[in-house]
Amino acid sequence: MTAILTNLFDGVAYGMLLFVLACGLAVTLGLMNFVNLAHGAFAMAGGYVCAVLVNRVGWPFFAALPLAFVASAVIGALLERTLYQHLYARSHLDQVLFSIGLVFMTVATVDYIMGSSRIFIKLPEILQGQFDIFGVGIGRYRLMIIVICGLLTVGLQLVLSKTRFGSRLRAAVDDPRAASGLGINVPQVFAFTFAFGCGLAGLGGALSAEILGLDPYFPLKFMIYFLIVVTVGGSSSLTGPFLASLLLGVADVAGKYYVPKLGPFVIYTIMIVILIWRPNGLFGRTATR
């Protein structure tokens with residue numbers, strides 16, 4: 001029982017991490033109707049910024065996390081204004097081809113500058129090790145991930161559903177011309193949303209470096225995980241990707257623990273079953289346009 005509870009805890013932490021990594025893609029794909037397969041590149045950027053600041057410059061880990069968010073957000077804003085905004089009205093195929101090309105360019109650039117070796121971030125002593133609660137091993141770092149990701153999840157849901165910006169974003173997506181007529185600066189709303197999603201990816205990349213490792217092929221290795229989270233959860237809200245992340249995180253950890261040889265296929269099996277049952281995802285809605 002203690003092993004099951006420990007695996008459950010680790011799976012929840014992994015799932016929360018997946019959500020932070022993928023929620024930016026859920027926003028751009030579900031709310032902005034833009035397919036950005038280069039989302040993992042922004043996560044990698046945040047991870048490397050955090051790793052350089054902590055491992056080489058000597059910054060405290062908690063001070064480097066906000067810089068990882070800001071750096072990825074700034075990179076996302078620059079690329080959105082110079083490249084991505086020209087693709088909003090293009091077909092999804094054009095968006096996929098462009099973002100895939102950007103991924104390969106990013107991989108080659110990072111491999112040239114940082115090398116191909118996998119790196120990890122030096123954690124402070126307070127986050128190392130674990131403690132036991134009724135025999136259940138609770139990793140300090142994974143507990144921190146659950147707390148941070150949980151707060152981010154609640155904050156994102158409140159911003160999108162309860163604030164004026166959230167209503168402006170939904171209006172800009174549903175009918176950009178009508179939104180512009182009402183005085184909403186649609187390009188500005190899209191740029192801020194895209195940059196914020198990239199910043200979240202960068203924060204997720206910094207948090208995941210210690211668990212997943214960081215190397216130039218990070219965007220390619222975990223691209224399928226981001227897509228599975230959005231596909232299984234449905235792209236019409238953040239609730240679906242959040243629950244899908246938890247489900248896939250627990251399933252992935254349990255599969256690799258109990259059936260190591262078949263572990264990686266567990267999440268694909270779950271994805272197939274769910275999509276056969278609900279083709280639009282757990283909380284997806286049938287497209288009307």
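Residues numbered from 1 in each chain as written. Predicted model: local features only at pLDDT ≥ 70, side-chain atom pairs only at ≥ 80, totals over all residues. Heavy atoms only, no water.

Can you walk me through the overall build of the protein chain in this structure?
Within the protein chain one finds twelve helices and two strands. In terms of overall dimensions, the protein chain is globule-like: its C-alpha atoms have a radius of gyration of 19 Å, near the 19 Å expected for 289 residues. A burial count over the protein chain gives 47% of its 289 residues as buried. Taking contacts inside the protein chain between residues at least 6 apart in sequence as the whole, the part at least 24 apart equals 76%. (Helix = DSSP H or I, 4+ residues; strand = E, 2+ residues; numbered from the N terminus. Rg over C-alpha atoms; globule rule 2.2 N^0.38 Å. Buried < 20%, exposed > 50% of the residue type's maximum accessible area, 1.4 Å probe, protein only. Contact = heavy atoms within 4.5 Å.)

Mind showing me how you'd approach a nonpolar patch on the surface here?
A cluster of nonpolar side chains, contributed by Ile4, Tyr257, Tyr258, Val259, Leu262 and Phe265, occupies part of the molecular surface with about 630 Å² of accessible area. Within the fold, Val259 resides in the loop between helix 11 (239–258) and helix 12 (263–277). (Patch = residues over 30% accessible without salt bridge, like charges linked within 9 Å, V, L, I, M, F, W, Y side chains within 5 Å. Areas by Shrake-Rupley, 256 points an atom, 1.4 Å probe, with all protein chains shown as cover. Salt bridge = Lys/Arg side-chain N within 4 Å of Asp/Glu carboxyl O.)

Just to check I follow, could you spell out the nonpolar core for this structure?
Side chains that are nonpolar tend, in soluble globular proteins, to be buried together. Counting residues in hydrophobic clusters, the biggest one holds 87 residues, and the most contacted among them are Cys50, Phe61, Tyr141, Leu207 and Phe218. Here the element with the most residues in this core is helix 1 (residues 2–31); it accounts for 15 residues. Excluding anything up to four places from it in sequence, Tyr141 contacts Phe61, Leu123, Leu127, Ala206, Leu207, Glu210 and Ile211. (Core = buried A, V, L, I, M, F, W, Y, C linked by side-chain atoms within 4.5 Å.)

Could you clarify how one ought to interpret helix 4 (residues 92–114) in this entry?
Since the α-helix turns once every 3.6 residues, residues separated by three or four places project in the same direction. Helix length check: helix 4, at 23 residues, gives a terminal C-alpha distance of 32 Å against a target of 33 Å (1.5 Å per residue), a fit within 8%. Residues of helix 4 that are buried include every one of Gln95, Ser99, Leu102, Val103, Thr106, Val107 and Val110, and no others. Immediately downstream of helix 4, the backbone of Gly115 shows phi near 85°, a positive value. (Expected span 1.5 Å × (residues − 1).)

Teacher, can you tell me more about the pattern of salt bridges here?
A full pass over the atoms with the stated rule returns five salt bridges. Here Asp10 and Arg142 are joined by a salt bridge, their closest N and O atoms 3.7 Å apart. You can see Asp10 sitting in helix 1 and its partner Arg142 sitting in helix 5 (residues 140–162), a full 132 residues away along the chain. Judged by relative accessible area, which is 31%, Arg142 ranks as partly exposed. The shortest N-O distance in the salt bridge between Asp215 and Lys221 comes to 2.6 Å. Because the salt bridges share partners, they merge into one network encompassing Arg118, Asp215 and Lys221.

What is the right way to look at the packing of aromatic side chains in this model?
For any pair of aromatic rings, the description consists of the separation of the ring centres together with the inter-plane angle of the planes. Throughout the structure, instances matching the rule amount to 14 aromatic pairs. Ring centres of Phe34 and Tyr88 lie 5.4 Å apart, and the angle between their planes is 85°; this geometry places the pair in the edge-to-face category. With a gap of 54 residues between them, Phe34 in the loop between helix 1 and helix 2 (39–57) and Tyr88 in the loop between helix 3 (61–82) and helix 4 connect regions that are remote in the sequence. Here the aromatic rings of Phe192 and Phe196 are separated by 6.3 Å at their centres, their planes lie at 15°, and the arrangement is stacked. Of the two residues, Phe192 and Phe196 both sit in helix 8 (residues 186–212), four residues apart, roughly one turn of that helix. (Phe/Tyr/Trp six-rings, centres within 6.5 Å; stacked < 30°, edge-to-face > 60°.)

In this structure, what is going on with the environment of Ala3? I would like to understand it.
Structurally, Ala3 can be placed in helix 1. The sequence separation of Ala3 and Leu156 amounts to 153 residues, and the corresponding C-alpha distance is 33 Å. Once residues lying within four places of it in the same chain are set aside, the contact partners of Ala3 are Tyr257 and Tyr258.

Teacher, can you tell me more about the packing of helix 2 against helix 4 here?
How two helices sit against one another is set out by the angle between their axes and by the gap between those axes. Direction vectors running N to C along helix 2 and helix 4 enclose 15°, while the axes themselves pass 11 Å from each other. Relative to helix 4, helix 2 is oriented roughly parallel. The element helix 2 and its partner helix 4 pack so that their crossing is left-handed. Counting all contacts with helix 2, which are made through Ala41, Met44, Tyr48, Val52 and Arg56, the residues of helix 4 involved are Thr106, Val110 and Met114. Taken together, the residues of the contact of helix 2 with helix 4 break down into six nonpolar, one polar and one charged. (Axes fitted to C-alpha atoms, helices over the stretch in contact; angles between N-to-C directions. Parallel < 35°, antiparallel > 145°, perpendicular 65-115°, else oblique. Left-handed = near helix turned anticlockwise from the far one by under 90°. Nonpolar A, V, L, I, M, F, W, Y, C, P; charged D, E, K, R; others polar.)

Can you walk me through the state of the cysteines in this structure?
Between two cysteines, a covalent bond joining their sulfur atoms is known as a disulfide. Per the counting criterion, the structure on display carries zero disulfides. In this structure Cys50 is a free cysteine whose sulfur lies 14 Å from that of Cys149, the closest cysteine sulfur available. Exposure remark for Cys50: the relative accessible area of 0% places this residue in the buried category. The structure places no disulfide on Cys149, whose sulfur is separated from the nearest cysteine sulfur, that of Cys23, by 8.8 Å. (Disulfide = S-S within 2.5 Å.)

Teacher, can you tell me more about the packing of helix 5 against helix 8 here?
It is the contact of helix 5 with helix 8, at a shortest axis distance of 11 Å, that shows an interaxial angle of 170°. For the element pair helix 5 / helix 8, the angle class is roughly antiparallel. Handedness of the crossing formed by helix 5 with helix 8: left-handed. Residues Tyr141, Arg142, Met144, Ile145, Ile148, Leu152 and Leu156 of helix 5 form the contact with helix 8, whose own contacting residues are Phe196, Leu200, Leu203, Ala206, Leu207, Glu210 and Ile211.

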